Structures are given as structure tokens and as C-alpha cells.
Amino acid sequence: TGPLLATTGDDNTIGATRTTNFSSTIYTERLIDYSRTPDRLLQRFTLDNETITVGDITLSYTEEVVVQSICEGAAVWASFTDKLCANNTAEAYNLYYRSRTLLVDGLANGIGALYADGPCPARDGRSLISLDWRN
């Protein structure tokens, strides 16, 4: 996903939009749900365009992102739940998987975090990211 090209509305306000590009495809997402507590953030977006086309794939989607502090603040749990409607579901899944891998790898590398999918980590000063990808 490229940099933001435009936004409308106030940040974190239902109805706000963000426009960006992915593989030279311009699209707009609308925030349809938002909640935040000191240890949990939920954002749900839907595609404002009816569909977008990336290569040979035409798709539409709704995405939910949850980021939550776990293990008494020693780790972060991230969940990405997407509902995809596409003309080629296998290729759309592969596109989704590749884009999420790039996103999460970039985030983890950017903050120096480790991946884990087990018990809470020992507190060694490094962040930990636990992932749940459902689609």
C-alpha cells in the first residue's frame, strides 16, 4: 500500500475516508467502526469504491483490524479479519496474504519486534507481535 493520497473527515471518526494506492490502483476506504481503550484498538473499514481491480483480480472487501496489549503489556496481539469478494478467490487470497505479510513484516522490523505464537514472553525489553489472520 502506498502513501495516503487524501483523507476526508476527522481522524478516527466513523465516516472518515482515506485514499491510497496499491499496485497503481487508487482506492478509498471508509471507516465504519472504531473503538479504543487504553489496551485495545479496533478499526473496521469498507471499500468505498464498488470494486477495485489489481492485475487480473477484481475485488471488494471489508477489513477489521484489532491491536491489543497482552501479557501484561509485554506483547501486542494483532488481528486482521477481511471479508473478500473477488472474481478469482485463490488469486485474491494470495494477494491478500502477500500484502499482509509485507505490512506486518515492515511493522515488526520497524519497531524491532519478534513474532510469537505461544506463551507470554520473558520481559527482555523487546516488543512481541502475535498475529491472527482470518479471512
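Our subject is the structure listed above.
Cut-offs used in this document
Residues numbered from 1 in each chain as written. Predicted model: local features only at pLDDT ≥ 70, side-chain atom pairs only at ≥ 80, totals over all residues. Heavy atoms only, no water. Pairing = 2+ DSSP bridges. Helix = DSSP H or I, 4+ residues; strand = E, 2+ residues; numbered from the N terminus. Core = buried A, V, L, I, M, F, W, Y, C linked by side-chain atoms within 4.5 Å. Buried < 20%, exposed > 50% of the residue type's maximum accessible area, 1.4 Å probe, protein only. Contact = heavy atoms within 4.5 Å. Expected span 1.5 Å × (residues − 1). Salt bridge = Lys/Arg side-chain N within 4 Å of Asp/Glu carboxyl O. Phe/Tyr/Trp six-rings, centres within 6.5 Å; stacked < 30°, edge-to-face > 60°. Lys NZ or Arg CZ within 6 Å of the ring centre and 35° of its normal.

(A) Region of interest: the pairing of strand β6 (residues 57-70). With seven bridges connecting them, strand β4 (residues 40-47) and β6 associate as antiparallel partners. Within β6, the residue paired with Arg44 across the bridge is Glu64. As judged from the three bridges shared by strand β5 (residues 52-54) and β6, these two strands associate in the antiparallel manner. Across the sheet, residue Val54 finds its bridge partner in β6, namely Ile57. Between β5 and β6, which follow one another and run antiparallel, lie two residues, and Gly55 among them has a positive phi close to 65°. Pairing of β6 with strand β7 (residues 75-86) involves 12 bridges; the strand directions are antiparallel. What sits directly across from Tyr61, in β7, is Leu84. Counted between consecutive antiparallel strands, the loop separating β6 from β7 contains four residues, among which Cys71 sits at a positive phi close to 55°.

(B) Spotlight on the nonpolar core. Ranked by size, the top nonpolar core spans 10 residues in total: Phe22, Tyr27, Leu47, Ile52, Val54, Ile57, Leu59, Tyr61, Ala92 and Leu95. Looking at this core, the elements that each hand over two or more residues are β5, β6 and α1 (89-111). Sorting elements by how many residues they give to this core places β6 first, with three residues. Once residues within four sequence positions are removed from consideration, Tyr61 is found in contact with Tyr27, Glu29, Thr46, Leu47, Ile52, Asp82, Lys83 and Leu84. Val65, Phe80, Tyr96 and Val104 belong to the second-largest nonpolar core, a separate cluster that totals five residues.

(C) The arrangement of α1 in detail. In this model, α1 (23 residues) spans 33 Å end to end at C-alpha, consistent with the 33 Å of a helix rising 1.5 Å per residue. Those residues of α1 that sit buried are Ala92, Leu95, Tyr96, Ser99, Arg100, Val104 and Ala108.

(D) Looking closely at the pattern of salt bridges. Throughout the structure, instances matching the rule amount to five salt bridges. Taking the shortest distance from any N to any O, the salt bridge between Asp48 and Arg30 comes out at 2.9 Å. Residue Asp48 is found in the loop between β4 and β5, and its partner Arg30 is found in strand β3 (residues 25-37); the two are separated by 18 residues along the sequence. By relative accessible area, Arg30 is classed as partly exposed at 29%. Across the pair Arg100 and Glu63 runs a salt bridge whose closest N-O atoms are separated by 2.1 Å. Taken as a pair, Arg100 in helix α1 and Glu63 in strand β6 lie far apart in primary sequence, 37 residues in all. In terms of burial, Arg100 and Glu63 fall into one category: buried.

(E) A look at the packing of aromatic side chains. The full count for this structure, using the stated rule, is two aromatic pairs. Summarising the aromatic geometry, the rings of Tyr93 and Tyr96 are spaced 6.4 Å apart at their centres and angled 45° between planes, so their arrangement reads as tilted. Residue Tyr93 and its partner Tyr96 are located together in helix α1, separated by three residues, close to a single helical turn. Feature note: the residues Tyr93, Tyr96 and Tyr97 constitute an aromatic cluster, connected by ring pairs. When the ring centre of Phe45 is taken as reference, the NZ or CZ atom of Arg18 above it lies at 3.8 Å.

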